[in-house]
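# Results of the structural survey
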Amino acid sequence: MNTLPTANRRKFLRQTATIGAAFTIIPRHVLGRGFVAPSDKLTVGFIGTGKQGRGLARRFADMAEMQIVGACEVEQQKLKWFQEIVAEKYAASRGTDTFEGLFTTSMHEELIQRADIDGIVVSTPDHWHAEPAIDAMKAGKHVYCEKPMAHTVKEGRAMVEAARKYSRIFQTGSMQRSRDTFLKACELVRNGYIGEVKQVLVNVGDPAKVCDLPVEETPAHIDWDRWLGPAPSRGFSSILSPPVEQDIFPKWRDYKEYGGGILSDWGAHMFDIAQWGLGMDNSGPVSYIPPADSQATRGLKMVYENGIEMYHQDFERGWGVRFIGTEGTLDISRQYLDSKPESIVTAEIKQGETRLYKSENHSLDWVQAIRNNTLPICDVEIGHRSASICNIANIAYELGRELTFDPVKEKFKGDGEANKMRGKEYRKGYRV
């Protein structure tokens, strides 16, 4: 079970005392094995139905504990495909030819205000995460938000504050924490199996760049102004929003106006594991030192207050994390978990040693946290801290100078320009 410090946890549990009222729990043994009553399901609405949203919908629709009842999307072709996927899933599970009842809209405000929705899934481009997530929590909805959780440091802190103020359960989609190999890797590191940790190498992609894509004719099926939302105004690009028949992850992730580069996209996974292994879920590095070459896309050095150094560096094993200690090294990614010496990863955690939160299913963990009034495995504070590392790393690469950061106040020391970059300007009509 994931826990807050005792005093904060007591306050959190008092605030969330009424959350369970969203469900009328009927014991499963009364209903029959494998049956979940409608009153025992978390009803959810999706904001964003692109490739990532469709992937989540396929997983969520397979869960007896959830019911997808609505979706919001500004591109009608994506919305139609999403409807077909959900309808096919539910029709098959019910043994019928059709499934009716999915509410759809292009305005997230309409979805959020529905009384028949308990939780909101935010799977939009990054620049559209904060506003609908905060609006949803204000409306009493729990939130599952894709990673990287926030587009800026200030947005992330605002999302944390909203979750605490409105007593909502917020799960960040950094789902590697719900995989056994990553759990074991972090437990081994936390229990000193590699000795004292000295360095961490994190290999993920490039920092964000300014969007300079040519303008194309806007298709009739997309509300492009709404797609841009709080981002600066510009013409349509199929690179940012490709046609559904391509079924690819769009490239908006590369550009600072909409994402944080692959540094943020994959960094929200791998820096998250580095944070978990180091026990830094409520903090982060205090120093960011960019490489001397202003054109470099690797080489950023980050230093924690305890002296541990973390590098954005390619150690030639694909996207992954390498923990370096006084007694050995441990490498972890989605493809491997190994160590030098080999005996480290074959060791079993002993009784009485530190054990970390174990989640077997990232989506189900969100539902269970709502039911139990507990924090999920990747709570909003964790998602914010991991996203902040990515956001600050982008600032350091862009400015090309050493930055000193206070992870308590979440401000840079003596650098007004960098502090301004903790947030962003919003287009007229949008705000957080």
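From a predicted model like this one, the values you see are computed outputs, not experimental measurements. (Residues numbered from 1 in each chain as written. Predicted model: local features only at pLDDT ≥ 70, side-chain atom pairs only at ≥ 80, totals over all residues. Heavy atoms only, no water.)

## As for the confidence of the model for the protein
Mean pLDDT over the protein: 92, with 90% of residues reaching 70 or higher. Below pLDDT 50 for its whole length, residues 1-34 participates in 56 contacts with residues either more than four positions away or in separate chains. (pLDDT = per-residue confidence, 0-100. Contact = heavy atoms within 4.5 Å.)

## What about the packing of aromatic side chains?
Per the stated rule, a full pass over the model turns up nine aromatic pairs. A ring pair is formed by Phe60 and Tyr144, whose centres lie 5.5 Å apart and whose planes are at 90°; its orientation type is edge-to-face. Pair noted here: Phe60 is in helix α3 (residues 51-61) and Tyr144 is in strand β5 (residues 142-145), with a separation of 84 residues, a long-range link. Tyr144 carries the same exposure label as Phe60, and that label is buried. Summarising the aromatic geometry, the rings of Phe405 and Phe412 are spaced 5.0 Å apart at their centres and angled 65° between planes, so their arrangement reads as edge-to-face. Following the ring pairs from residue to residue traces out a cluster consisting of Phe46, Phe60, Phe82, Tyr144 and Trp366. A cation sits over an aromatic face here: Arg114 above Phe103, 4.2 Å from the ring centre. It is Arg317 that lies over the ring of Tyr336; its NZ or CZ is 3.8 Å from the centre. (Phe/Tyr/Trp six-rings, centres within 6.5 Å; stacked < 30°, edge-to-face > 60°. Helix = DSSP H or I, 4+ residues; strand = E, 2+ residues; numbered from the N terminus. Buried < 20%, exposed > 50% of the residue type's maximum accessible area, 1.4 Å probe, protein only. Lys NZ or Arg CZ within 6 Å of the ring centre and 35° of its normal.)

## Notes on the sheet that holds strand β15 (residues 411-412)
The strand order across the open sheet formed by nine strands is β13-β12-β11-β7-β10-β9-β8-β14-β15, and the pairing between neighbours is mixed. One side of each edge strand has no neighbouring strand; the edge strands of this open sheet are β13 (337-340) and β15. Contacting β7 (197-203), β9 (301-303), β10 (309-312), β11 (320-325) and β12 (328-332), helix α11 (residues 267-278) crosses the sheet at an angle of about 30° to β11. (Pairing = 2+ DSSP bridges. Axes fitted to C-alpha atoms, helices over the stretch in contact; angles between N-to-C directions.)

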